[in-house]
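# Structural overview
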Amino acid sequence: EAQVTQNPRYLITVTGKKLTVTCSQNMNHEYMSWYRQDPGLGLRQIYYSMNVEVTDKGDVPEGYKVSRKEKRNFPLILESPSPNQTSLYFCASRGPLLVDTQYFGPGTRLTVL
Amino acid sequence: ILNVEQSPQSLHVQEGDSTNFTCSFPSSNFYALHWYRWETAKSPKALFVMTLNGDEKKKGRISATLNTKEGYSYLYIKGSQPEDSATYLCALNTNAGKSTFGDGTTLTVKP
């Protein structure tokens, strides 16, 4: 089954404790992206990757890091989480074209205390 | 940061009503507009992708139009059903990778 998976699905952590949210897709998609969603707001893009070893900032990259060492994986790293990073996070992937359908993972709900 | 606006923020209709909502965006540097449907406790699912001025897309009772010159897209739902209740998001792709979403329109259809 074609899918995007994220782990963990739920995480409660404390300020300053480094964490990684994994994202994997099995559709051989070139493009992958991370978004956060906060109440009353739409999805805001954190980082995206056009292909292996190619990453770029979205609209809200502060406090986050990413890497794309393999085509299928695109982990999101929070080096020193803060309470304002409490949010719902979605990973997504699509083919190389702007018109390609974007597929979303199930979401990761992160709480930083 | 591009400004993509959706209106109204929320909508409550009766079963059987037809409804429509709007996505507005800067008309310059347009590449592609995507509509998504997002149900509670699930992840967003693609509905349509629109690229050309005058584009019209249809899937069952849901259709969308695009006007790139004036910078808007309309989503129409004919004969709303309770299962249409969801948040509808539009997203503007303006270059190879950036994707800017509106805040969504939350539709509630009462039986």
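All values reported here derive from a predicted model rather than from experimental measurement.

### Considerations on the pairing of strand S11 (residues 108-112) of chain A
Residues and elements named next belong to chain A.
- Here S11 shows a clear split, with Thr108, Leu110 and Val112 buried on one side and none of Arg109 and Thr111 buried on the other.
- Relative to S11, strand S2 (residues 10-13) runs parallel, the two sharing four bridges. Bridge pairing links threonine 13 to valine 112 in S11.
- Of the pairings in the sheet, the one linking strand S9 (residues 87-94) to S11 comprises three bridges and is antiparallel in character. Bridged to tyrosine 89 within S11 is threonine 108.

### Considerations on a nonpolar patch on the surface
Residues and elements named next belong to chain A.
- A surface patch of nonpolar side chains, amounting to about 320 Å² of accessible area, comprises Ile12, Val14 and Leu113.
- Inspection of the secondary structure assignment puts valine 14 in the loop between S2 and strand S3 (19-25).
- For valine 14, a relative accessible area of 44% gives the class partly exposed.

### Re unusual backbone geometry
Residue and element names in this part refer to chain A.
- Looking along the chain, the bond that leaves asparagine 7 and enters proline 8 is cis, with omega of -5°.
- With respect to the helices and strands, proline 8 occurs in the loop between strand S1 (4-7) and S2.
- Backbone geometry places asparagine 28, a non-glycine residue, at a positive phi of 60°.
- Looking at the element boundaries, asparagine 28 is found in the loop between S3 and strand S4 (31-37).
- Backbone geometry places glutamate 53, a non-glycine residue, at a positive phi of 65°.
- Take glutamate 53: it is sitting in the loop between strand S5 (43-51) and strand S6 (54-57).
- Here glutamate 53 falls in the exposed class, since its relative accessible area comes to 61%.

Each value, and the rule that gives it
Residues numbered from 1 in each chain as written. Chains lettered and ligands numbered in written order. Predicted model: local features only at pLDDT ≥ 70, side-chain atom pairs only at ≥ 80, totals over all residues. Heavy atoms only, no water. Buried < 20%, exposed > 50% of the residue type's maximum accessible area, 1.4 Å probe, protein only. Helix = DSSP H or I, 4+ residues; strand = E, 2+ residues; numbered from the N terminus. Pairing = 2+ DSSP bridges. Patch = residues over 30% accessible without salt bridge, like charges linked within 9 Å, V, L, I, M, F, W, Y side chains within 5 Å. Areas by Shrake-Rupley, 256 points an atom, 1.4 Å probe, with all protein chains shown as cover. Salt bridge = Lys/Arg side-chain N within 4 Å of Asp/Glu carboxyl O.

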